[in-house]
Amino acid sequence: MALVNTKKMFEMAYKNGYAIGAFNVNNMEITQGIVSAVTEEKAPLILQISRGARSYASMSYLKAIIDVAVKDNPDIPICMNLDHGDTFETCKQCVDDGFTSVMIDASHSSFAENIKITKQVVDYAHDHGVVVEAELGQLGGIEEDIVGVSADDVAKHLTDPDQVVEFAEKTGCDSLAVAIGTSHGAYKFKVAPKLAFDVLESVTKKLPGFPLVMHGSSSVLKEFKDLINKYGGDMPDAMGVPEDAITEASKLSVCKVNIDTDLRMALTAKIRQVFCESPAEFDPRKYLGPGREAIKEMVRHKLQILGCAGKAAECV
Ligand SMILES: [Zn+2]
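These notes cover the structure that comes with them. Each residue is numbered by its place in its chain's sequence as written, counting from 1. In view of the model being predicted, local features appear only for residues whose pLDDT reaches at least 70, and side-chain atom pairs are presented and counted only at 80 or more, with totals across whole chains, interfaces and linings using the full set of residues. Only hydrogens and water are removed before side-chain values are computed, so all heavy atoms of the structure are retained for them.

1. A look at the side chain of Lys256
Among the structural elements, Lys256 can be located in strand β11 (residues 254–259). The cut-offs for exposure are 20% and 50% of the maximum accessible area for each residue type, with area from a 1.4 Å probe on protein chains only; residues under the lower value are buried, those over the upper are exposed, and the others partly exposed. Note on Lys256: relative accessible area 2%, which makes it buried. A polar contact is formed between the side chain of Lys256 and the side chain of Gln48, at a distance of 2.8 Å. Two N or O atoms form a polar contact when they lie within 3.5 Å of each other; inside protein one atom must be a possible hydrogen donor and the other a possible acceptor, and for residues adjacent in sequence the pair counts only when both atoms belong to side chains. A polar atom in the side chain of Lys256 sits 2.7 Å from the side chain of Glu133. Any two residues whose heavy atoms approach within 4.5 Å at even a single point are treated as in contact. What Lys256 contacts, discounting residues up to four positions off in sequence, is Phe10, Ala19, Ile20, Ala22, Ile46, Gln48, Asn81, Glu133, Leu212, Val213 and Met214. Runs of E in the DSSP output that reach at least two residues are strands. Runs of H or I that reach at least four are helices, and both are numbered from the N terminus.

Printed below as a string of structure tokens:
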């Protein structure tokens, strides 16, 4: 099977009450860790590439790695999504590069401008069989060059349910990233957050059957935070979205959950552990290998949290 878009995945995820994991990739080991997890768990998969990943690894390398993952795993539906496209030109380039899904994030613009840019991307993408994720409302935190609102202001920038119908109708987007209190990065909150399930429910009532997306949804797992801090790291205040809230949202209209920080922390924790326990080690395979294995086990766990383990076949 070639790369797929998210249409069938989201249809089944919505209908059967689970969400698809959307994991960010930057290199071969991260991709292999994620793909071996979904293969073992027989889960559908969205691999995401940010603009930062494109400039770090180059699109041709990342696409070649993903093409191998697709070819080697014919039973797993895999979508390649652009994470946080900022302009029409970036999204167009990604459609031309073979992405099967692009996100246009014009959420920092005015409502009218967000509609205009999103519609322009939708028109081009749909002509090429590519689906489009848009964003309404503003997330908190910082991820690469995506700077959101401050932690104290997250609640003031939630998605306005009164805007969603007009936005979806005027743009024709295929899914919508909503701001319901999640936040990018490893330092999302000072105290354990409560997601705005009331906003999620209102949006769902206004747009029944429409797939929603949660960004900034890493949980900052204690296991990896503790390893990082034990082995010379300094992330004492890191805090993420509780996993039970992610499971609850996945059972509702959230069909895609973005996870990046948890991948970074799993890889970093293992590498730190190897460096501290085996300071004479200098073979990259001896630390990248365990890092890749940590990513795999973490992703397997996430697939259970999202409820998408075992769902690959029905998403084909
Ligand atoms: Zn995001």
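Moving on from the coordinates now.
2. Digging into the coordination of the zinc ion
Coordination of the zinc ion by the protein is provided by His84 (NE2), His184 (NE2) and His215 (ND1), with metal-donor distances spanning 2.0 to 2.1 Å. Donor residues for the zinc ion sit on one chain with the sequence pattern H-x99-H-x30-H. One end of the pair, His84, is in strand β3 (residues 78–85); the other, His184, is in strand β9 (residues 183–184), and 100 residues separate them in sequence. Take His184: its relative accessible area is 3%, and that puts it in the buried class. We call an atom a donor if it is N, O or S and sits within 2.8 Å of the metal, or 3.2 Å for Na, K and Ca. Water is not counted, so some sites may look partial.

3. Some thoughts on the packing of aromatic side chains
Within 6.5 Å between ring centres, the rings of Phe, Tyr and Trp (the latter by its six-membered ring) count as paired, and their orientation is classed by plane angle as stacked under 30 degrees, edge-to-face over 60, tilted in between. Counted according to the given criterion, the structure contains three aromatic pairs. Seen from their ring centres, Phe275 and Tyr287 are 4.7 Å apart, and the 70° between their planes marks the pair as edge-to-face. Here Tyr287 lies in helix α12 (residues 284–306) and Phe275 lies in helix α11 (residues 261–277), a separation of twelve residues in the sequence.

4. Thoughts on the nonpolar core
Note on terminology: a nonpolar core comprises buried Ala, Val, Leu, Ile, Met, Phe, Trp, Tyr and Cys residues joined through side-chain atoms within 4.5 Å. Of all hydrophobic cores here, the largest spans 104 residues; its most connected members are Ile34, Ile49, Val102, Leu176, Phe224 and Val299. Broken down by element, this core gets its largest block of residues, eight residues, from α12. Contact partners of Ile34, with chain neighbours within four places excluded, come to Phe23, Asn24, Val25, Leu45, Leu47, Leu263, Ile295 and Val299.

5. Considering the environment of Ile117
For Ile117, the location among the structural elements is in helix α6 (residues 111–127). Measuring from C-alpha to C-alpha, the distance between Ile117 and Gly33 comes to 35 Å, with 84 residues separating the pair along the chain. Excluding anything up to four places from it in sequence, Ile117 contacts Ile104, Ala106 and Ser109.

6. Regarding the packing of α11 against α12
Only C-alpha atoms enter the line fits that serve as axes; for helices the fit covers just the stretch in contact. Angles between N-to-C directions range over 0 to 180 degrees. Between α11 and α12, whose axes approach to 8 Å, the crossing angle comes to 140°. The two elements α11 and α12 meet at a crossing, and its hand is right-handed. When α11 is examined against α12, the residues Asp262, Leu263, Ala266, Leu267, Lys270, Ile271, Val274 and Phe275 are found in contact with a partner set consisting of Lys286, Tyr287, Leu288, Pro290, Gly291, Arg292, Ala294, Ile295, Met298, Val299 and Lys302. Considering only residue class, the contact of α11 with α12 consists of 13 nonpolar, one polar and five charged. Here is the rule for handedness: rotate from the far helix to the near one, and if that takes an anticlockwise turn smaller than a right angle the crossing is left-handed, while a clockwise turn gives right-handed. In this classification, Asp, Glu, Lys and Arg are treated as charged, Ala, Val, Leu, Ile, Met, Phe, Trp, Tyr, Cys and Pro as nonpolar, and every other residue, Gly included, as polar.

7. Quick word on the pattern of salt bridges
We define a salt bridge as a contact between a side-chain nitrogen of Lys or Arg and a carboxyl oxygen of Asp or Glu at a distance within 4 Å. Taken as a whole and judged by the stated rule, the model has 17 salt bridges. Arg300 is the salt-bridge partner of Glu41, the closest N and O atoms lying 2.7 Å from each other. Highlighted residues: Glu41 in helix α2 (residues 28–41) and Arg300 in helix α12, separated in sequence by 259 residues. Given the relative accessible area of 14%, Glu41 is considered buried.

8. Some thoughts on a negative patch on the surface
Patch rule: a residue counts if its relative accessible area is over 30% and it has no salt bridge; like charges are joined within 9 Å, and nonpolar side chains (Val, Leu, Ile, Met, Phe, Trp, Tyr) within 5 Å. Each accessible area is a Shrake-Rupley result for a 1.4 Å probe, and residues are judged covered by the shown protein chains and nothing else. The positive count covers Lys and Arg only, the negative count covers Asp and Glu only, and His and the chain ends enter neither. Taken as the charge centre is NZ of Lys, CZ of Arg, CG of Asp or CD of Glu, depending on the residue. Side chains of Asp198, Glu201, Asp244 and Glu248 sit close together on the surface and give a patch of like negative charge. Secondary structure elements with two or more residues in the negative patch: α8 (197–206) and α10 (243–251). Positionally, Asp198 belongs in helix α8.

9. Observations concerning α11
An expected span of 1.5 Å times one less than the residue number is assigned to each helix. Taking 1.5 Å per residue, 17 residues should reach 24 Å; α11 reaches 24 Å between its end C-alpha atoms and fits that length. Looking at α11, one finds that the buried residues are Thr261, Asp262, Leu263, Met265, Ala266, Leu267, Ala269, Ile271, Gln273 and Val274. The elements touched by buried residues of α11 are β1 (20–24), α2, α9 (222–230), β11 and α12.

10. Things to note about α9
Those residues of α9 not exposed but buried are Phe224, Lys225, Leu227 and Ile228. Mapping the buried residues of α9 onto a view down its axis gives an arc of 165°, with all of them on the same face. Opposite the buried face of α9, at more than 90 degrees from it, the exposed residues are Lys222, Glu223 and Lys230. Count one or two residues on from α9 and you reach Gly232, which has phi positive near 90°. To be clear, the arc concerns the directions from the helix axis to the C-beta atoms.

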